[in-house]
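# Fold and geometry: a report
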Amino acid sequence: MQSTQSPLRPEDAAEALKTAATATQRSVAAVAYQRVGRRLIVWGIVWIIVNVAGIVRLPVDGTYAWPAVNFAGLVACIILDIRSAPGRRGWRHAGESLVLFLGFAAFVFSTQFVVVQPTLIQVESLVTLVLGLIYIVIGLYIGWRLVAVGAALMLIVIAGSAWAPGQFFVWMAAAGGGGLILGGMWLRKP
């Protein structure tokens, strides 16, 4: 009995490989979106809390609240990273969260040496603009949705500075923190 199937043509093989590569890229992006989305939701909640601290003027304009709540955000990310991926991969993701947090803390700390007597508003604005840029750059490798989140974050701080300077902390709690939560939920959506 002879097979009625014709041999695979080179064009068909190339197309099959291209389809497989596209599926792999989409799968990698979906997994990365899930991880980044979780982190954005955590940091959106942190952002709301620290900006509310700025609104109610907790000790020294919230400067004590910021490190404490940011540390809690780090712990939450590490726990989520470890629980979301089995074995070494979860610990590697937790290490990424730690390195990102330490880099962020070093950046915030170093602003006091670059900006003379920075206000909390200036530091938050600068950090937000840099985070937006980081999301855009990472998004170039992961996917366009993260680029959109980064651009929106940058626009949020510019809009808040221009149109709501007297209510900056309210604006950043609602638009910045809420925007990160919505962006995280959007990234996690298939």
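Residues numbered from 1 in each chain as written. Predicted model: local features only at pLDDT ≥ 70, side-chain atom pairs only at ≥ 80, totals over all residues. Heavy atoms only, no water.

In this section: the environment of Leu-187. With respect to the secondary-structure elements, Leu-187 resides in helix 7 (residues 168–188). Here Leu-187 falls in the buried class, since its relative accessible area comes to 1%. Each C-alpha atom, one on Leu-187 and one on Ile-41, is 10.0 Å from the other, the two residues being 146 residues apart in sequence. Setting aside anything within four residues of it in sequence, one finds Leu-187 in contact with Tyr-33, Gln-34, Val-36, Gly-37, Leu-40, Arg-145 and Leu-146. (Helix = DSSP H or I, 4+ residues; strand = E, 2+ residues; numbered from the N terminus. Buried < 20%, exposed > 50% of the residue type's maximum accessible area, 1.4 Å probe, protein only. Contact = heavy atoms within 4.5 Å.)

This part takes up the pattern of salt bridges. Under the criterion given, the structure shown has three salt bridges. The salt bridge involving Asp-81 is made with Arg-39; its shortest N-O contact spans 3.3 Å. Here Asp-81 is found in helix 3 (residues 65–84), whereas its partner Arg-39 is found in helix 1 (residues 10–56), with 42 residues between them in sequence. Pair check on accessibility: Asp-81 and Arg-39 agree, each one buried. Where Arg-39 meets Glu-96, a salt bridge forms, and the shortest distance between an N and an O atom there is 3.5 Å. Pair noted here: Arg-39 is in helix 1 and Glu-96 is in helix 4 (residues 88–114), with a separation of 57 residues, a long-range link. If you follow the salt bridges from partner to partner, you end up with Arg-35, Arg-39, Asp-81 and Glu-96 in one network. (Salt bridge = Lys/Arg side-chain N within 4 Å of Asp/Glu carboxyl O.)

What follows concerns the layout of surface pockets. Any empty space left between the atoms is revealed when a probe the size of a water molecule rolls over them. What the largest pocket holds in volume is close to 750 Å³. Looking at the largest pocket, it is lined by 30 residues, and the ones nearest its centre are Trp-43, Leu-100, Phe-104, Leu-131 and Tyr-135. Contributions of two or more residues to the lining of the largest pocket are made by helix 1, helix 3, helix 4 and helix 5 (120–142). For the lining of the largest pocket, the leading source of residues is helix 5, giving nine residues. Among the residues forming the lining of the largest pocket, the class breakdown is 22 nonpolar, four polar and four charged. Taken as a whole, the second largest pocket holds about 510 Å³ of empty space. For the second largest pocket, the lining is made up of 17 residues, of which Trp-66, Val-108, Phe-109, Leu-120 and Val-123 are closest to its centre. Those elements that place two or more of their residues in the lining of the second largest pocket are helix 3, helix 4 and helix 5. Counting residues per element, the lining of the second largest pocket draws most heavily on helix 4, which supplies seven residues. For the lining of the second largest pocket, the class distribution of residues is eleven nonpolar, five polar and one charged. (1 Å grid on protein atoms, 1.4 Å probe; cavity = no way out; pocket = protein on both sides within 12 Å on 5 of 7 lines; lining within 4 Å. Points joined across faces, edges and corners; volume = space filled by probe spheres on them. Nonpolar A, V, L, I, M, F, W, Y, C, P; charged D, E, K, R; others polar.)

This brings us to the packing of aromatic side chains. Summed over the entire model, instances satisfying the criterion amount to four aromatic pairs. An angle of 70° between the planes, with centres 5.5 Å apart, marks the rings of Trp-144 and Trp-186 as edge-to-face. Note that Trp-144 is positioned in helix 6 (residues 144–163) and Trp-186 in helix 7, a separation of 42 residues in sequence. Trp-186 gets classed as partly exposed once you look at its relative accessible area, which sits at 32%. (Phe/Tyr/Trp six-rings, centres within 6.5 Å; stacked < 30°, edge-to-face > 60°.)

On the surface, Ile-48, Val-52, Ile-55, Val-56 and Val-170 cluster together into a nonpolar patch covering about 370 Å² of accessible area. With four residues, helix 1 is the largest single contributor of residues to the nonpolar patch. With respect to the helices and strands, the residue Ile-55 is situated in helix 1. A relative accessible area of 39% means that Ile-55 is categorised as partly exposed. (Patch = residues over 30% accessible without salt bridge, like charges linked within 9 Å, V, L, I, M, F, W, Y side chains within 5 Å. Areas by Shrake-Rupley, 256 points an atom, 1.4 Å probe, with all protein chains shown as cover.)

Turning to the side chain of Asn-51, a few remarks are in order. Here Asn-51 is to be found in helix 1. Owing to a relative accessible area of 0%, Asn-51 belongs among the buried residues under this scheme. Side-chain polar atoms of Asn-51 contact the backbone oxygen of Trp-47, separated by 2.8 Å. (Polar contact = N/O pair within 3.5 Å; in protein donor to acceptor, adjacent residues only side chain to side chain.)

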